[in-house]
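Per-entry structural report
Each chain is listed here by its residues.
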Amino acid sequence: MKHPYLIACVAAALLAGCASTPPAEQLNREMVGVSGKSALFTSGYRDGCQSGLSAGGNKSFAYAKDLSKVNNADYKLGWEDGFRVCQSRQVQRNNDRNSYEGFGGHPSPWFPRTGVSIGVQL
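Residues numbered from 1 in each chain as written. Predicted model: local features only at pLDDT ≥ 70, side-chain atom pairs only at ≥ 80, totals over all residues. Heavy atoms only, no water.

1. Focus on the side chain of Glu30
Rules: Counting from the N terminus, the helices are DSSP H or I runs at least four residues long and the strands are E runs at least two residues long. Here a residue-residue contact requires only that any non-hydrogen atoms of the pair lie within 4.5 Å.
By secondary structure assignment, the location of Glu30 is in helix H2 (residues 23–30). If we ignore the near neighbours within four places in the chain, the residues touching Glu30 are Tyr45, Cys49, Leu53, Cys86, Arg89 and Arg93.

In structure tokens, the structure reads:
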């Protein structure tokens, strides 16, 4: 091989492109569109979103709920909205990843279809 370092660099660059988004950055992206709401709604949405991402199969997140705020209507509504929206987005991402089509439009044997559908257009 004439250029082993070049091949190693290209392989490293390809693998780096497959790296996932850091959890804090992903949560910030999920929060877009929540600006202008009350602080309690936003706090509830953030906690619900983390919980929804976790329930949707993202192991970078965990269930979160501030028990001192659960009786507040804004927090509760924010949590429920965040959970529902973020869980459905995560499930959709999982489905998109699992239904990858191989070359020539044929299903790939390495990425089988799950058959799971949430019925939400995002």
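Now that the structure has been shown, the text picks up again.
2. Thoughts on the packing of H2 against helix H3 (residues 39–55)
Condition: Working convention: axes come from line fits to C-alpha atoms, limited for helices to the stretch in contact. Angles between N-to-C directions cover 0 to 180 degrees. Relative orientations are named as follows: roughly parallel for angles under 35 degrees, roughly antiparallel for angles over 145 degrees, roughly perpendicular for angles from 65 to 115 degrees, and oblique for any other angle. Should the near helix be turned anticlockwise from the far one by less than a right angle, the crossing is termed left-handed; should it be turned clockwise, right-handed. Polarity classes work like this: nonpolar for Ala, Val, Leu, Ile, Met, Phe, Trp, Tyr, Cys and Pro, charged for Asp, Glu, Lys and Arg, and polar for all others, with Gly in that last group.
One way to put it is that H2 packs onto H3 with a least axis distance of 10 Å and a crossing angle of 120°. Considering the angle they form, H2 stands oblique to H3. Judged by the sense of rotation from one axis to the other, the crossing of H2 with H3 is right-handed. Counting all contacts with H2, which are made through Gln26, Leu27, Asn28 and Glu30, the residues of H3 involved are Tyr45, Arg46, Cys49, Gln50 and Leu53. For the contact of H2 with H3, the residue count by class is four nonpolar, three polar and two charged.

3. Some remarks on the environment of Gln26
We count it as follows: Each residue is assigned to one of three classes by its accessible area relative to the maximum for its type, calculated with a 1.4 Å probe on protein chains only: buried under 20%, partly exposed between the two thresholds, exposed over 50%. Side-chain atoms alone can form a polar contact between residues adjacent in sequence; in general such a contact is a pair of N or O atoms within 3.5 Å, and within protein one must be able to donate a hydrogen while the other accepts it.
Structurally, Gln26 can be placed in helix H2. Classification of Gln26 as buried rests on a relative accessible area of 12%. Between the C-alpha atom of Gln26 and that of Gln50, which follows or precedes it by 24 residues, the distance is 9.9 Å. Among residues more than four places away in sequence, those in contact with Gln26 are Thr21, Leu53, Asn58, Phe61, Gln90 and Arg93. Separated by 3.3 Å, the side chains of Gln26 and Asn58 make a polar contact.

4. What about the packing of aromatic side chains?
Convention followed: Only centres within 6.5 Å qualify two rings of Phe, Tyr or Trp (six-membered ring in Trp) as a pair; their planes then separate them into stacked at under 30 degrees, edge-to-face at over 60, and tilted for everything else. Whether a charge sits over a ring comes down to the Lys NZ or Arg CZ being within 6 Å of the ring centre and within 35 degrees of the ring normal.
Applying the stated criterion to the full structure yields three aromatic pairs. When the centroid spacing of 5.2 Å and the interplanar angle of 15° are considered together, the rings of Trp79 and Phe83 count as stacked. Within this pair, Trp79 and its partner Phe83 are both found in helix H4 (residues 73–98), separated by four residues, close to a single helical turn. Looking at Trp79, the relative accessible area reads 11%, which means it is buried. Residue classification places Phe83 among the partly exposed positions, given a relative accessible area of 22%. Following the ring pairs from residue to residue traces out a cluster consisting of Tyr63, Trp79 and Phe83. For the cation-ring pair, Lys37 lies above Phe41, with the distance from its terminal atom to the ring centre recorded as 5.4 Å.

5. Notes on the state of the cysteines
Convention followed: Disulfide: a pair of cysteine sulfur atoms within 2.5 Å of each other.
Under the definition given, this model contains one disulfide. Cys49 shares a disulfide with Cys86; S-S distance 2.0 Å. Disulfide Cys49-Cys86: torsion about the S-S bond near -90°, hence left-handed. Pair noted here: Cys49 is in helix H3 and Cys86 is in helix H4, with a separation of 37 residues, a long-range link. Take Cys86: its relative accessible area is 0%, and that puts it in the buried class.

6. Considerations on H2
Rules: As used here, the arc belongs to the directions running from the helix axis to the C-beta atoms.
Residues of H2 that are buried include every one of Gln26, Leu27 and Glu30, and no others. For H2, the buried positions fall inside an angular range of 100° around the axis, keeping them on one side. Residues of H2 that are exposed and point more than 90 degrees away from the buried face comprise Ala24 and Arg29. On the buried face of H2, the contacting elements are H3 and H4.

In short, shape yes, function no, at least from these values alone.
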